[in-house]
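Fold and contact review
In case you want the letters, here they are:
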Amino acid sequence: MKKQFRLATLLVALGALMLTLSGCGKSLSQQDVLQNDRKANTITWGVKADTKLFGLMDVRDNQIKGFDVDMAKHITRHILGKKGKAKFIQVTSQSRIPLLKNGNIDAIIATMTITPQREKVVGFSNSYFDAGQSLLVPNGSKIKNVSDLNKSGTTVLGVVGANSVQNIKKFAPKARVLELQDYAQALTSLKAGQGVALTTDNGILYGMAVQNPGFKVVGGTFTREPYGVAVNKGQKPFTNEVNKAIKEMEADGEYNQLIKKWFGNVPGFNYKELER
Ligand code: GLU
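Residues numbered from 1 in each chain as written. Predicted model: local features only at pLDDT ≥ 70, side-chain atom pairs only at ≥ 80, totals over all residues. Heavy atoms only, no water.

Per an unreviewed UniProt entry, the protein chain goes by Glutamine abc transporter, substrate binding protein and derives from Furfurilactobacillus rossiae DSM 15814. The record in UniProt for the protein chain states the following under Sequence similarities (unreviewed entry): "Belongs to the bacterial solute-binding protein 3 family." (UniProt positions renumbered as here; feature names shortened; annotations may be inferred.)

Dropping the structure here:
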């Protein structure tokens, strides 16, 4: 009798657990982000907030500003119409995929390269920006290109979650790579002399060079880094709309206007090459 009672209790508990796990509504992967966003008239974007030119917090008005942020605003308007709202959540290279996966954001637009490895875990739009990996060094540095880093005893700085740290291990396998939490910390580390160079995409590095006259971008680009909008797998309708918006922006000149706005006055950076 006692045994039967225990078994019944166990079954009830198991049933309750199953109900909780399945949830009353749809799980994240079953939800249609496009439909939800249309209903809410809002798209929630994950953007960088420490990356000048792409997504940087302006402390004067508490707004995040940059090319990625403007792209997100324009794409939102193309998808939801003039009254559509773009909401912004700060991400880092490390936190962006987890925040997307757990539903805190609908999409990532944060200097994120489309890579085959990432395509296994998220969906990507078509590329909306062409970057390439490069190096930032102090003005007097003897380092001219990536092969100068390929020596034991050389430390290169990068950021956790950026594919740049994997790439540099291939291009300069003898160097030690020190991974910081975000680009603000990586730059501080470079200034403190904890590494001889900071490596990531050229646009990000030019953004740092603009603000820090003691540093320069060297070595050209040694990888191709096409940026894409990342979404959860299975969100094809949303991805299609993003692709359509990018195409419309390229066709009507909006895209080139944004390129000029953000990269037109960056010394050493040929923004004409970025135009589409
Ligand atoms: N584009 C590279 C990446 O996706 C570097 C920039 C970044 O850390 O976001 O990892």
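From this point, the narrative continues.
**A look at the overall build of the protein chain**
Along the protein chain, the regular secondary structure elements total 10 helices and 15 strands. Out of the 276 residues in the protein chain, the part that is buried amounts to 49%. A sequence separation of at least 24 residues applies to 70% of the contacts in the protein chain between residues at least 6 apart. Within the structure as shown, the protein chain displays about 14300 Å² of accessible surface, and the carbon and sulfur contribution to it stands at 55%. (Helix = DSSP H or I, 4+ residues; strand = E, 2+ residues; numbered from the N terminus. Buried < 20%, exposed > 50% of the residue type's maximum accessible area, 1.4 Å probe, protein only. Contact = heavy atoms within 4.5 Å. Areas by Shrake-Rupley, 256 points an atom, 1.4 Å probe, with all protein chains shown as cover.)

**Quick notes on the site of the ligand**
Around the ligand, 16 residues are found, and the nearest of them are Ser93, Thr111, Thr113, Tyr183 and Asp201. Arg96 is positioned such that a nitrogen or oxygen atom in its side chain is 2.7 Å from an oxygen atom of the ligand. Asn163 has a polar backbone atom sitting 2.8 Å from an oxygen atom of the ligand. Compared with its free state, where it exposes 280 Å², the ligand has 100% of that area covered by protein. For the shell around the ligand, a count of residues per class yields six nonpolar, six polar and four charged. (Near = heavy atom within 4 Å. Polar contact = N/O pair within 3.5 Å; in protein donor to acceptor, adjacent residues only side chain to side chain. Nonpolar A, V, L, I, M, F, W, Y, C, P; charged D, E, K, R; others polar.)

**Structural notes on the nonpolar core**
Nonpolar side chains in soluble globular proteins generally cluster together in the buried interior. Ranked by size, the top nonpolar core spans 55 residues in total, and within it Phe67, Ile75, Phe129, Leu136 and Phe263 carry the most contacts. Setting aside residues no more than four positions away along its own chain, Phe129 makes contact with Phe54, Phe67, Glu225, Pro226, Tyr227, Tyr255, Ile259, Phe263, Leu274 and Arg276. Formed by 14 residues, the second largest nonpolar core is a distinct cluster that contains Val137, Ile143, Ala175 and Val218. (Core = buried A, V, L, I, M, F, W, Y, C linked by side-chain atoms within 4.5 Å.)

**Let's talk about the sheet that holds strand β4 (residues 63-65)**
As summarised here, the arrangement of the three strands in space is β2-β3-β4, forming an open sheet in which the pairing is antiparallel. For this open sheet the edge positions go to β2 (50-51) and β4, each flanked by a neighbour on one side alone. Sheet topology places β2 next to strand β3 (residues 55-58); two bridges connect them, and they run antiparallel. Paired with Asp50 across the two strands is Leu56, which belongs to β3. (Pairing = 2+ DSSP bridges.)

**Some thoughts on the side chain of Asn167**
Within the fold, Asn167 resides in helix α6 (residues 164-171). Side chain to side chain, Asn167 and Gln133 meet in a polar contact 2.9 Å long.

**What about helix α9 (residues 236-251)?**
Given a rise of 1.5 Å per residue, 16 residues ought to cover 22 Å, and the 22 Å separating the end C-alpha atoms of α9 matches this to within 8%. Taken as a whole, α9 has its buried residues at Phe238, Thr239, Glu241, Val242, Asn243, Ala245, Ile246 and Met249. Positive backbone phi, at 90°, marks Gly253, one or two positions downstream of α9. (Expected span 1.5 Å × (residues − 1).)

**Some remarks on the packing of helix α3 (residues 67-80) against helix α10 (residues 254-263)**
Their axes nearest at 10 Å, the elements α3 and α10 cross at an angle of 160°. Between α3 and α10, the angle is such that the two are roughly antiparallel. The two elements α3 and α10 cross, and the hand of that crossing is right-handed. Along the contact surface, α3 presents Phe67, Asp70, Met71, His74, Arg77 and His78, while α10 presents Glu254, Tyr255, Leu258, Ile259, Lys261, Trp262 and Phe263. In terms of residue class, the contact of α3 with α10 is made up of seven nonpolar, two polar and four charged. (Axes fitted to C-alpha atoms, helices over the stretch in contact; angles between N-to-C directions. Parallel < 35°, antiparallel > 145°, perpendicular 65-115°, else oblique. Left-handed = near helix turned anticlockwise from the far one by under 90°.)

**Observations regarding the environment of Asp130**
Along the chain, the position of Asp130 falls in strand β8 (residues 129-131). Placed 145 residues apart in sequence, Asp130 and Glu275 show a C-alpha to C-alpha distance of 9.5 Å. Setting aside chain neighbours within four positions, we find Asp130 in contact with Glu225, Leu274 and Arg276. A distance of 3.4 Å separates a polar atom in the side chain of Asp130 from a polar atom in the side chain of Arg276.

**Observations concerning the pattern of salt bridges**
Opposite charge on two side chains makes pairing possible when the charged atoms of those side chains draw close. Under the criterion given, the structure shown has 10 salt bridges. With a closest N to O distance of 3.8 Å, Arg38 and Glu241 form a salt bridge. Remark: Glu241 occurs in helix α9 and Arg38 occurs in helix α2 (residues 33-40); sequence separation between them is 203 residues. Residue class for Arg38 comes out partly exposed when judged on its relative accessible area of 41%. One salt bridge in this structure joins Arg77 and Glu254, with 3.8 Å as the shortest N-O distance. Placement of the pair is Arg77 in helix α3 and Glu254 in helix α10, with a sequence separation of 177 residues. Note on Arg77: relative accessible area 36%, which makes it partly exposed. Judged by relative accessible area, which is 12%, Glu254 ranks as buried. (Salt bridge = Lys/Arg side-chain N within 4 Å of Asp/Glu carboxyl O.)

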